[in-house]
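Residue-level structural notes
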Amino acid sequence: LSHTSDVVWSEQGTTPDRVEAALRELLARRYAEDSDCVPARVLNMIAFVDREWSGEIANRLGGVGRYHASRLLVLAYEPRRERLDARVTIASEQRGPGELGLLHETVVLDIGDKHLDDLVTIADPLVVTDLPTLLWSPHGHSDAADALLPLAQAVLVDSLDDPVWREAIDRACALSGEAYVVDLAWLRSTPWRERMAALFDPPHRRRDLGAITQVTVRHHPASTVAGLLFIGWLASRLRWRAEPLLGHGEALIGKAPACRQHVALRLQPAPEQQVRGLAGLSVETSAGRRLTLDRGPGGLHAREHQRDGAEHTWTLLGASRGEQGILGEGIRQALLRDPTYVPALKAAHAMLP
Amino acid sequence: MTAVATGHPEDAAGAAGSPNPLTAGLERLPVAPTALVIFGATGDLARRKLLPALYNLAHEGALPDRFDLVGVARREKAHADYRAESEQAIRQFSRRAPDPDVLAGLLERVRYVPGRFDAESVYGHLSKVLDSFDEQAGERLNRAFYLSTAPDFFGTIVGHLGASGLSRRAEAQVRVIIEKPFGTTLEEARALNRRVLSVFDEAQVFRIDHYLGKETVQNLLAFRFANGMFEPLWNRNYIDSVQITAAEDIGIGTRAGYYNAAGALRDLIQNHMLQLLCNVAMEPPVNFAAEEVRNEKVKVLEAIAAPTSEQVDTIAVRAQYSRGHSGGEDVPGYTEEEGVPADSATETFAALRLEVDNWRWAGVPFYIRTGKRLARKVTEIAVTLKPVPHLAFSQDGSLGVRPNQLVLTVQPNEGVSLQLGAKIPGTRMVIRPVNMEFLYGTAFMSQSPEAYERLITDAMLGDATLFTRDDEVEGQWRICDPIVKRWAAEGGPLPSYEAGSQGPEEAEGLLREGDHWRAI
């Protein structure tokens, strides 16, 4: 999906009122030129970023295609800045004859320290009323994000960004009490959760869920939180008691009491894994069944080993979404509600060493 | 650090009959391991729709964990040749560029079984291939047979599937997916139903009407039953008439063989347009389970009286397009199209006036029309409300006051438009109609899946909500059959309309006094 920049407006030393008036005028002018171009009205997104790195964020958001927010407000922070500068861009999707052209609005406000106390009054006039708002603060700045929380219904985080696991999980727990949290670390595990659910879905396999004795999760060395969320998900869905794991070399190990037995848990870094997220998982049952899923070309490679020695291997087809795809999915998820994340997060919190 | 008990009282992990606690919160439900067999695997539908749909499901990780595909067609060829043809079809028709690894992984699972559909040996061969999949998997896969052949073969294939023991399998589900058209007359549809149901249970049968797989058609139900605003008006007390239009600006292209035998009534009205009518007219189902929804649709069809032969002329109009202009170019008339006999009496336009004779709709005409080579491509449902009882604006512009009209556009730009009366700015109270428009494209980010992606998934899941039940098909044919017979008996010549126009003048004759066809 490619975008064509249509109209641009900018002003130095401006005010939110003047930016909002400019947006209205640009939209009216664009509609007058072509009535088949109409503004998308799905989602507001507020991104609080370091101005120095705002280009990188623009590139990341530029790659999300159709998941671009209807109105994106970028608050580009530069510590010693005194003046409020604004750039407004209205872009339309390229379209065929007779097709509807959707307009996406981007407002970039350059702000400084003096504006931090007034973030809500700066941002509030610039989000579309009645649309849900997603807040993203990819460069930290938790104080600024907290200040903007009253405007947001959903918050986008990536729990893998914080090198301290506890802080990442604490932060997500705290935010989940204020708004709906979309965690990219959680979304990276969606295919794994889907496949895990599918492997145990046939009725004759479902009883094995109560007989799981061992789970090993292998993950990118910087993605321990992804592994914690995954076993937190299993614990919360399968009624295991979540207890703190212990460090064991590079790995984390522990036991989770289940209804009939203890489940041995192991989180193991996989140094060969190039991309963030999970690298593989292995599940064993008391009946001697062992299932292994590993990331591979074209999908997840599955191997099933039975107690009688029989072994089957196959591939669960699926294309990698890439980091751009994950971010786009994160924006889309702001409109949905996954009731299983918070219980998984709480269980992961309880498993922190 | 304290431990956290993570109990969910509603989930009982470990019991075979209990819900799978791992599926909560997932957008996609797991599909059981399945082997899919496509009869007519080298045909146009398989190449353009089914294979690309399967690829897109694989790309999204939406195919079952274990999935195998068998193509069955008449021509002799090796597995490798069929794989190469499938790859070419996917590359040409997929809605996204294929990922090489996913495509290779999918094609690895493709097998080909050559032979005539009436040859017993084909089914023996097929059975061995399917058994080999089970053996490799170490479990019995579900089986789905997709009949994407000429309709003449539906009964034959079903019969052979039954005779060769392929229609049932212990510890696995067996389903049959049947393409349209399901019969070309009421008798044929009934005979085919009898044949199919002598081999399969109705719960195993999935009759395709790909319109039902379109996101836009499903949105009709959401529009009606998720909004309290319109339902109180949705009856004979407030609604004056309903108009359903499916117009195409193109001709018959390369489909002369099929189209000339079918015609507009069989091609679109008997199936898709009557489905749209059912969605507009049905009562709210208790829930959206397959049987509940289909029960309500059947009640609508039962409330529409089949015309007698004498009534056909008063409720139905047919016509054929003649030479004209479309898209700024000269275009030929129907009988001048390649492959169409010069004396063809096939209708390229059909319009009906139907009444749903029940408590909710008695006296409200439902106008339906479809045609090729009309002025524009549009599919829409226009609901016209009764006029207000008293025109307070009669002195100053009552000419501009019109009954409210609600238009649900199915394609090309899906949306809802409500025509309202509004005051023209100025010192006098002068009214003119204005449109309040909602376009689905402005309010959602996701791309709608292709209808066949949804339908194949639903069939593998065993969810029949978007498929047509036996009594539904027969209900549709019961209404259309007298018209088909009457028109066949009459033969030609037919009334004509110029290509690129609004359709034949004769269609005006169906309208009640004061009613008008909407401009296409």
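Residues numbered from 1 in each chain as written. Chains lettered and ligands numbered in written order. Predicted model: local features only at pLDDT ≥ 70, side-chain atom pairs only at ≥ 80, totals over all residues. Heavy atoms only, no water.

1. Here we look at the overall build of chain A
Selection criterion: Secondary structure elements follow DSSP: runs of H or I of four or more residues count as helices, runs of E of two or more count as strands, with numbering from the N terminus. Exposure classes here rest on a 1.4 Å probe applied to the protein chains alone. A residue is buried below 20% of its type maximum, exposed above 50%, and partly exposed in between. Only heavy atoms enter the contact rule, under which two residues are in contact if any of them lie within 4.5 Å. Every accessible area reported is derived by Shrake-Rupley at a probe size of 1.4 Å, with residue values counting cover from the shown protein chains alone.
When helices and strands are counted, chain A shows 11 helices and 18 strands. Counting all 353 residues of chain A, 57% fall into the buried class. Counting only contacts in chain A whose residues sit at least 6 apart along the sequence, the fraction spanning at least 24 positions is 72%. Element-wise, carbon and sulfur atoms account for 49% of the exposed surface of chain A, whose accessible area totals about 14,500 Å².

2. Details of the side chain of His-115 of chain A
Residues and elements named next belong to chain A. Secondary-structure assignment places His-115 in the loop between β6 (101-111) and α3 (119-123). Residue classification places His-115 among the buried positions, given a relative accessible area of 9%. When sequence neighbours within four positions are dropped, the list of residues in contact with His-115 reads Glu-82, Arg-83, Leu-84 and Ile-122.

3. Topic: the pairing of strand β5 (residues 85-93) of chain A
Residue and element names in this part refer to chain A. Which entries qualify depends on this criterion: For two strands to pair, DSSP has to find at least two bridges joining them.
Of all the 9 residues making up β5, 7 are buried; the element is thus mostly covered by neighbouring parts of the structure. Alignment of β5 against β6, held across 8 bridges, turns out to be antiparallel. Opposite Ile-90, over in β6, you have Glu-105 as the bridge partner.

4. Topic: the interface of chain B and chain A
Stated precisely, the cut-off is as follows: Accessible area, probed at 1.4 Å, shrinks when two parts are joined; the buried area is that loss added up over both. Any carboxyl oxygen of Asp or Glu within 4 Å of a side-chain nitrogen of Lys or Arg constitutes a salt bridge here. Throughout this description, a polar contact denotes any pair of N or O atoms lying within 3.5 Å of each other; where both atoms belong to protein, one of them has to be capable of donating a hydrogen while the other can accept it, and for residues adjacent in sequence the pair is counted only when both atoms sit in side chains. By the convention adopted, Pro, Cys, Tyr, Trp, Phe, Met, Ile, Leu, Val and Ala count as nonpolar, Lys, Arg, Asp and Glu as charged, and the other residues, Gly among them, as polar.
Chain B puts 54 residues into the contact, and the matching count from chain A is 67 residues. Together, the buried faces of chain B and chain A total about 4,800 Å²; carbon and sulfur atoms form 57% of this surface. Linking chain B with chain A are 4 salt bridges. Between Glu-194 of chain A and Arg-28 of chain B there is a salt bridge, with the nearest N and O atoms lying 3.1 Å from each other. Our enumeration of links across chain B and chain A arrives at 16 residue pairs in polar contact (both at pLDDT 80 or more). When residues in the side of chain B that touches chain A are grouped by element, the largest group, 4 residues, is from helix α3 (residues 100-108) of chain B. A breakdown of the residues in the side of chain B that touches chain A according to their chemical character gives 24 nonpolar, 19 polar and 11 charged.

5. Digging into helix α4 (residues 120-137) of chain B
To be explicit about the condition: Here the expected length of a helix is defined as 1.5 Å per residue gap, with one fewer gap than residues. By definition, the arc is the one covered by directions from the helix axis to the C-beta atoms.
The terminal C-alpha atoms of α4 of chain B lie 26 Å apart, and with 18 residues this matches the ideal 26 Å at 1.5 Å per residue to within 8%. Buried within α4 of chain B are the following residues: Val-122, Tyr-123, Leu-126, Ser-127, Val-129, Leu-130, Phe-133, Asp-134 and Ala-137 of chain B. With its buried residues spanning 165° around the axis, α4 of chain B presents them on a single face. In this structure, α4 of chain B carries Glu-120, Ser-121, Lys-128 and Glu-135 of chain B as exposed residues pointing more than 90 degrees from its buried face. The secondary structure elements touched by the buried residues of α4 of chain B are β18 (311-317) of chain A together with β2 (34-39), β3 (67-73), β4 (110-114), β5 (142-147) and α5 (154-163) of chain B. Where α4 of chain B ends, the next residue or the one after it, Gly-138 of chain B, has phi of about 75°, a positive value.

6. As for the sheet that holds strand β12 (residues 349-355) of chain B
Residues and elements named next belong to chain B. Quick reminder of the rule: Here, axes are lines fitted to C-alpha atoms. For helices the fit covers the stretch in contact, and angles between N-to-C directions go from 0 to 180 degrees.
Pairing within the open sheet is mixed, and its 9 strands lie in the order β17-β16-β15-β14-β8-β13-β12-β9-β18. Bordering the open sheet on either side are β17 (431-439) and β18 (496-498), each of which pairs with just one other strand. Between one strand axis and the next, the sheet turns by 20° as a mean value, whatever way the strands run. Where helix α8 (residues 256-281) meets the sheet, it contacts β8 (239-247), β12, β13 (365-371) and β14 (378-385), and its direction lies at approximately 145° from that of β13. Sheet contacts for helix α13 (residues 470-490): β9 (316-322) and β12; angle to β9, the most-contacted strand, approximately 55°.

7. What about the packing of helix α1 (residues 44-59) of chain B against α3 of chain B?
All names here are of chain B. As a reminder of what qualifies: Any angle from 65 to 115 degrees is called roughly perpendicular, while one under 35 is roughly parallel, one over 145 is roughly antiparallel, and all others are oblique. For any helix crossing, the convention is left-handed if the near helix is rotated counterclockwise from the far helix by under a right angle, and right-handed if that rotation is clockwise.
It is at 10 Å that the axes of α1 and α3 come closest, and there the two elements cross at 120°. As the angle between them shows, α1 and α3 are arranged oblique. By crossing handedness, the relation of α1 to α3 is classed as right-handed. From α1, Leu-54, Tyr-55, Ala-58 and His-59 reach across to α3, where they touch Val-102, Leu-103 and Leu-106. Along the lines of polarity and charge, the residues of the contact of α1 with α3 split into 6 nonpolar, 1 polar and no charged.

8. Regarding the pattern of salt bridges
Evaluated as defined, the whole model comprises 69 salt bridges over all chains. For Arg-218 of chain A, the salt bridge is made with Asp-294 of chain A, and the minimal N-O distance between the two is 2.7 Å. Within this pair, whereas Arg-218 of chain A is found in strand β10 (residues 212-219), its partner Asp-294 of chain A is found in strand β16 (residues 290-296), the two being separated by 76 residues in sequence. A relative accessible area of 19% means that Asp-294 of chain A is categorised as buried. Across the pair Asp-201 of chain B and Arg-168 of chain B runs a salt bridge whose closest N-O atoms are separated by 3.1 Å. Placement of the pair is Asp-201 of chain B in the loop between α6 (186-199) and β7 (205-207) and Arg-168 of chain B in the loop between α5 and β6 (174-178), with a sequence separation of 33 residues. Shared partners join several salt bridges into a network, and the residues in it are Arg-51, Glu-78, Arg-81, Arg-83, Asp-85, Arg-87 and Asp-110 of chain A.

9. Looking at the packing of aromatic side chains
Residue and element names in this part refer to chain B. In plain terms, the rule: Aromatic pairing here means that ring centres of Phe, Tyr or Trp (its six-membered ring) are within 6.5 Å. Orientation follows from the plane angle: under 30 degrees is stacked, over 60 is edge-to-face, and everything else is tilted. Think of it as a cone above the ring: NZ of Lys or CZ of Arg counts as a charge over the ring if it is within 6 Å of the ring centre and within 35 degrees of the ring normal.
Scanning the entire structure with this criterion turns up 19 aromatic pairs over all chains. With a centroid separation of 6.0 Å and 75° between ring planes, the pair formed by Phe-39 and Phe-117 is classed as edge-to-face. Separated by 78 residues along the polypeptide, Phe-39 in strand β2 and Phe-117 in the loop between β4 and α4 bring together distant segments of the chain. Taken as a pair, Phe-39 and Phe-117 share a single burial class, namely buried. Members of the aromatic cluster, each reached through a chain of ring pairs, are Phe-39, Phe-117, Tyr-123, Phe-145 and Phe-153. Across from the ring centre of Phe-182, 5.0 Å away, lies the NZ or CZ of Arg-207, which sits over that ring.

10. What to know about the sheet that holds β2 of chain B
All names here are of chain B. Taken in spatial order, the 6 strands make up an open sheet running β4-β3-β2-β5-β6-β7, and their pairing is parallel. Lying at the two open borders of the sheet, with one neighbouring strand each, are β4 and β7. Going across the sheet, the axis of each strand differs from the next one's by a mean of 20°, ignoring polarity. When β5 meets β6, the two strands line up parallel, connected through 5 bridges. Residue pairing in the sheet places Phe-145 in a bridge with Val-176 of β6. Contacts from α4 reach β2, β3, β4 and β5, with the element oriented near 160° to β4.

11. Points about the nonpolar core
Rules: What makes a nonpolar core is a set of buried Ala, Val, Leu, Ile, Met, Phe, Trp, Tyr and Cys residues whose side-chain atoms join them at distances within 4.5 Å.
Residues Phe-39, Leu-126, Phe-145 and Leu-277 of chain B are the most contacted members of the largest nonpolar core, which totals 153 residues. Looking at this core element by element, the count peaks at 13 residues for α8 of chain B. In contact with Phe-145 of chain B, other than residues within four places in its own chain, are Val-37, Phe-39, Leu-126, Leu-130, Leu-161, Leu-166, Val-174, Arg-175, Val-176 and Ile-177 of chain B. Counting 118 residues, the second-largest nonpolar core is a separate cluster that includes Val-107, Ala-168, Ala-235 and Leu-293 of chain A.

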